[in-house]
Amino acid sequence: MKKYFYLLAMLAVVLGTTACSDDDNHPSTNILDKPEVTVPDVKESSAVITWKAIGNATAYIYSLNNGSEQSTDQNTIQLTGLEPEKSYTFKVKAQKTGSIYFEDSEYAEITFTTTSEITVYRIATFADDWDKWYYEYNENGTVKRVYRLNGEELDREWLFAYDGNNITVTGKNAYNMTLNDQGYVATFVDGSNTYEYTYDENGYMTKVEKNDNIASNITIEDGNIMQWTRFSDGVEQFKVQTYSAVPNVSGAHCIYAESSGASRWLVETGLFGKASANCHTSSGWQHSSSIATYTFEYDENSCIKEESKNYNGEIEKFYYTYFSEYLCFYSINGNTPRIQNLPSLRLL
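(A) How the structure looks around the overall build of the chain. When helices and strands are tallied, the chain shows two helices and 26 strands. The buried share of the chain, taken over its 348 residues, is 40%. For the chain, the share of sequence-separated contacts (at least 6 apart) that also reach a separation of at least 24 residues comes to 48%. Accessible surface, the chain as shown: approximately 19200 Å² in total, 47% of it carbon and sulfur.

(B) Region of interest: the nonpolar core. The biggest cluster of nonpolar side chains holds 51 residues, and the ones touching the most others in it are F160 and F272. Residues within four places of F160 in sequence aside, it is in contact with V143, K144, R145, V146, I167, T168, V169, M177, W265, L266 and L271. If you look at the next biggest cluster of nonpolar residues, it comprises 25 residues, including V39, V42, W51 and I54.

(C) Inspection of the pairing of strand β10 (residues 132-137) at higher detail. Of the two faces of β10, the one lined by W133, Y135 and Y137 is fully buried and the one lined by K132, Y134 and E136 carries no buried residue. Across three bridges, the pairing between strand β9 (residues 108-127) and β10 is antiparallel. Looking at β10, one finds that F126 is bridged to W133. From the end of β9 to the start of β10, which pair antiparallel, there are four residues. Taken together, the five bridges between β10 and strand β11 (residues 143-150) define a ladder with antiparallel strand orientation. Paired with Y134 across the two strands is Y147, which belongs to β11.

(D) Structural view of the sheet that holds strand β2 (residues 37-42). Read from one edge to the other, the open sheet built from three strands follows the order β2-β3-β6, with strand pairing classed as antiparallel. The open sheet has two edge strands, β2 and β6 (76-80), and neither has a second partner. Taking each pair of neighbouring strands and ignoring which way they run, the sheet shows an average axis angle of 25°. Note: β2 against strand β3 (residues 46-51), four bridges, orientation antiparallel.

(E) Examining the packing of aromatic side chains more closely. What the rule picks out here adds up to 19 aromatic pairs. Between the aromatic rings of Y88 and F112, the centroid separation amounts to 5.8 Å while the plane-to-plane angle is 25°, which identifies the pairing as stacked. Of the two residues, Y88 is situated in strand β7 (residues 87-95) and F112 in strand β9; the sequence distance between them amounts to 24 residues. One aromatic cluster is present, built from ring pairs that chain together Y121, F126, W133, F318, Y320 and Y322. Above the face of the W285 ring, R230 is positioned so that its terminal group lies 3.8 Å from the ring centre. In this structure, R264 is placed above the aromatic ring of F318, and the distance from its NZ or CZ to the ring centre is 4.4 Å.

Criteria and cut-off values
Residues numbered from 1 in each chain as written. Predicted model: local features only at pLDDT ≥ 70, side-chain atom pairs only at ≥ 80, totals over all residues. Heavy atoms only, no water. Helix = DSSP H or I, 4+ residues; strand = E, 2+ residues; numbered from the N terminus. Buried < 20%, exposed > 50% of the residue type's maximum accessible area, 1.4 Å probe, protein only. Contact = heavy atoms within 4.5 Å. Areas by Shrake-Rupley, 256 points an atom, 1.4 Å probe, with all protein chains shown as cover. Core = buried A, V, L, I, M, F, W, Y, C linked by side-chain atoms within 4.5 Å. Pairing = 2+ DSSP bridges. Axes fitted to C-alpha atoms, helices over the stretch in contact; angles between N-to-C directions. Phe/Tyr/Trp six-rings, centres within 6.5 Å; stacked < 30°, edge-to-face > 60°. Lys NZ or Arg CZ within 6 Å of the ring centre and 35° of its normal.

Encoded structure:
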């Protein structure tokens, strides 16, 4: 009889131990799953952090930049009071509060950078002393139409159609272009001529080939086109520029490789690489004693509104107006900066 009661007592202990488990579907000791963290929204002074809910977790312990730990029972939080253009590291782990059968998960970690808001300008109109070109854009900022008026009448137009990295231009001229991974024109077909372009890692054009022959070499220093070349009877000629410290805020392509095959109105679309970072003061051929000097007038946003070229006393002027848009740049885990919140273009 005593042996019978002893066996019943042992069975009760075993059943009681099993009953203490927090979850009948798990063994007596468990490690909670590690959260998978994402940052779906980043702004200048705030960020939204979210992660997949973890089974059996009752709380999530998190910290920012290794600061004090805080607790939440939600799987989404909003961080506020952040500084613009600053890198932050967020850590979070899952926990089952008060449990002796579930161990905390490993920390999940993600790094993000708060946004840097900048204003981007696009050409609305470009004109010289004789003609004026008007520019229209798609919602994503790519050019869709350029046209020119003769008085109030349409004189000529160019329509841009996109198919992946290919652009077909119809209208006054028929062009075919292929874009590279940077979004700039890699090949440009104009009738029987095919131009190929090379750019540096910053998006500045550095070489032009026409029908498999070098047509121009471009030298970039501190973001400025210091010289570009052309070939005459097999001899390379150099056109040299000087610059002031005044920034070219709007990115107007006043200086470009004129032997690139694209007219200035087309270069002003931004498809042929970045413009010089500063405003130029002179430009001239290395083999000539004559140079052109330049002065500028600026609008209220410090964008070039008038470029005045003086070549041996002859004055030629160019005029600009702009659209503007605001872009917010941010990055996640050090990846290439992303862009968010592209508002509609505004005419200045």
